[in-house]
Amino acid sequence: CPYCVVPFTRGREWSRPVEEILDEVTGLVDKGAIEIELLGQNVNAYRGLDNEGVGHDLALLIRQVSLISGVKRIRFVTSHPADMNEDLVTAFSEVPELSPYMHLPIQSGSDSILAAMERGHTVSEYLTWIDRLRTVCPDIALASDFIVGFPGETEANFQETLNLVEQVRYDHAYSFVFSARPGTTAADMKNPVPREVAEARLARLQERINTIQYEQNQSRIGRVE
């Protein structure tokens, strides 16, 4: 993404070998761990090899981790919508150790802003994955990330983001005002959004997110989790 400084600070994306991860998980379980979190950026772009040269995506890696005795819960973060696949969705219905939680950042509810961000997907494609996740795991908790005030964002674009939040009803979300990072192409983009406008939009977005989150939390009262 043109706003992302991660490639400049961490270098090119790479995947750890499968056996190395499984050995680490086994060692953690031997020390008493019961919950394993698979971490990457982007974690669902994982493409690792085992000792026999067999390629593993994140879904297959999750299944391998679930086979390790003592692992009771598995989580993963953070995913990219453009790297989603059906096997990862299916894992939520077939791997009981996989916690029903998905952090799937979209950043904006506007297709034009998503294109400017070079996200590689549309709002419609994103919502299709949300629908598939909720079909296989109706009780799944959903989280996202949002950037407000990206260069060129209009009030109409921002309203599309509010509409998306209303439609999906996230259980949790991280939201920020766009912050230019030196070396990224977004730092030099034209039509910057005035800071005071972006901050006002962020306040509106967070108010809506917090209200929905409170309502979602209220719906859990009386349940045993």
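Refer to the structure printed above.
The text that follows walks through the structure, step by step, so that each part is easy to find. As the structure is a computational prediction, the values presented were derived from the model and not from experiment. (Residues numbered from 1 in each chain as written. Predicted model: local features only at pLDDT ≥ 70, side-chain atom pairs only at ≥ 80, totals over all residues. Heavy atoms only, no water.)

Regarding the overall build of the chain
For step 1, the next point in the chain: The helix and strand inventory of the chain stands at eight helices and seven strands.
For step 2, the next point in the chain: Expected size for 225 residues packed as a compact globule is a radius of gyration near 17 Å; at 19 Å, the chain falls within 12% of this value.
For step 3, the next point in the chain: Its C-alpha atoms give the chain principal-axis dimensions of about 55 × 45 × 30 Å.
For step 4, the next point in the chain: Residues counted as buried form 43% of the 225 residues belonging to the chain.
For step 5, the next point in the chain: Considering only contacts within the chain whose residues lie at least 6 apart along the sequence, 78% involve residues at least 24 apart.
For step 6, the next point in the chain: On the chain, roughly 12,000 Å² of surface is accessible, and the fraction owed to carbon and sulfur atoms is 51%.
For step 7, the next point in the chain: Averaged over its 21 positive side-chain charges, the chain has a centre that lies 4 Å from the centre of its 33 negative ones. (Helix = DSSP H or I, 4+ residues; strand = E, 2+ residues; numbered from the N terminus. Rg over C-alpha atoms; globule rule 2.2 N^0.38 Å. Buried < 20%, exposed > 50% of the residue type's maximum accessible area, 1.4 Å probe, protein only. Contact = heavy atoms within 4.5 Å. Areas by Shrake-Rupley, 256 points an atom, 1.4 Å probe, with all protein chains shown as cover. Lys, Arg positive; Asp, Glu negative; His and termini not counted. Charge placed at Lys NZ, Arg CZ, Asp CG, Glu CD.)

Here we look at the sheet that holds strand 6 (residues 141-148)
For step 1, the next point in the chain: Spatial strand order, 5-6-7: three strands in an open sheet with parallel pairing. Every other strand in the sheet has two partners, leaving strand 5 (101-103) and strand 7 (172-177) as the edge strands with one partner each. Going across the sheet, the axis of each strand differs from the next one's by a mean of 10°, ignoring polarity.
For step 2, the next point in the chain: Here six bridges tie strand 6 to strand 7, and the two strands are oriented parallel to one another. For Ser144, the partnering residue across the bridge sits in strand 7 and is Ala173.
For step 3, the next point in the chain: Along the sheet face, helix 8 (residues 195-218) touches strand 6 and strand 7 and points at about 175° away from the line of strand 7. (Pairing = 2+ DSSP bridges. Axes fitted to C-alpha atoms, helices over the stretch in contact; angles between N-to-C directions.)

Some thoughts on the pairing of strand 7
For step 1, the next point in the chain: The two faces of strand 7 differ: Ala173, Ser175 and Val177 on one face are buried, but His172, Tyr174 and Phe176 on the other face are not.
For step 2, the next point in the chain: Note that the unit made of strand 6, helix 7 (residues 155-168) and strand 7 has a crossover that is right-handed. (Right-handed = clockwise from strand over helix to strand, strands pointing away.)

Concerning the pattern of salt bridges
For step 1, the next point in the chain: Within this structure, the stated rule accounts for 16 salt bridges.
For step 2, the next point in the chain: We note a salt bridge from Arg132 to Glu86, for which the minimum N-O separation is 2.8 Å. In this pair, Arg132 sits in helix 6 (residues 123-136) while Glu86 sits in helix 4 (residues 86-94), placing the two residues 46 residues apart along the sequence.
For step 3, the next point in the chain: Measuring nitrogen to oxygen at the nearest pair gives 3.0 Å for the salt bridge that ties Arg220 to Glu225.
For step 4, the next point in the chain: A network of salt bridges, in which partner residues are shared, links Asp139, Arg220, Arg223 and Glu225. (Salt bridge = Lys/Arg side-chain N within 4 Å of Asp/Glu carboxyl O.)

Thoughts on the packing of aromatic side chains
For step 1, the next point in the chain: Tallied over the entire structure, the rule returns four aromatic pairs.
For step 2, the next point in the chain: Relative to Tyr170, the ring of Phe146 has its centre 5.7 Å away and its plane inclined at 75°; by these criteria the two rings are edge-to-face. Separated by 24 residues along the polypeptide, Phe146 in strand 6 and Tyr170 in the loop between helix 7 and strand 7 bring together distant segments of the chain. In this pair, the class of Phe146 matches that of Tyr170, namely buried.
For step 3, the next point in the chain: Relative to Phe178, the ring of Phe150 lies with its centre 5.3 Å away and its plane at 75°, an arrangement referred to as edge-to-face. (Phe/Tyr/Trp six-rings, centres within 6.5 Å; stacked < 30°, edge-to-face > 60°.)

Regarding helix 2 (residues 18-30)
For step 1, the next point in the chain: Compared with an ideal rise of 1.5 Å per residue, which puts 13 residues at 18 Å, helix 2 spans 18 Å between its outermost C-alpha atoms and is within 8% of the ideal.
For step 2, the next point in the chain: Every buried residue of helix 2 is listed here: Val18, Ile21, Leu22, Val25 and Val29. For helix 2, the buried positions fall inside an angular range of 95° around the axis, keeping them on one side. For helix 2, the exposed residues set more than 90 degrees away from the buried face come down to Asp23 and Asp30.
For step 3, the next point in the chain: Within two residues after helix 2, Gly32 carries a phi angle of roughly 110°, on the positive side. (Expected span 1.5 Å × (residues − 1). Arc of directions from axis to C-beta.)

A word on the packing of helix 6 against helix 7
For step 1, the next point in the chain: One can describe the packing of helix 6 onto helix 7 by two numbers: an axis separation of 12 Å at closest approach and a directional angle of 15°. Our classification of the angle between helix 6 and helix 7 gives roughly parallel. Pair helix 6 / helix 7 crosses with right-handed handedness. Contacts from Val123, Leu127, Ile130 and Arg134 of helix 6 reach helix 7 at Leu164, Gln167 and Val168. (Parallel < 35°, antiparallel > 145°, perpendicular 65-115°, else oblique. Left-handed = near helix turned anticlockwise from the far one by under 90°.)

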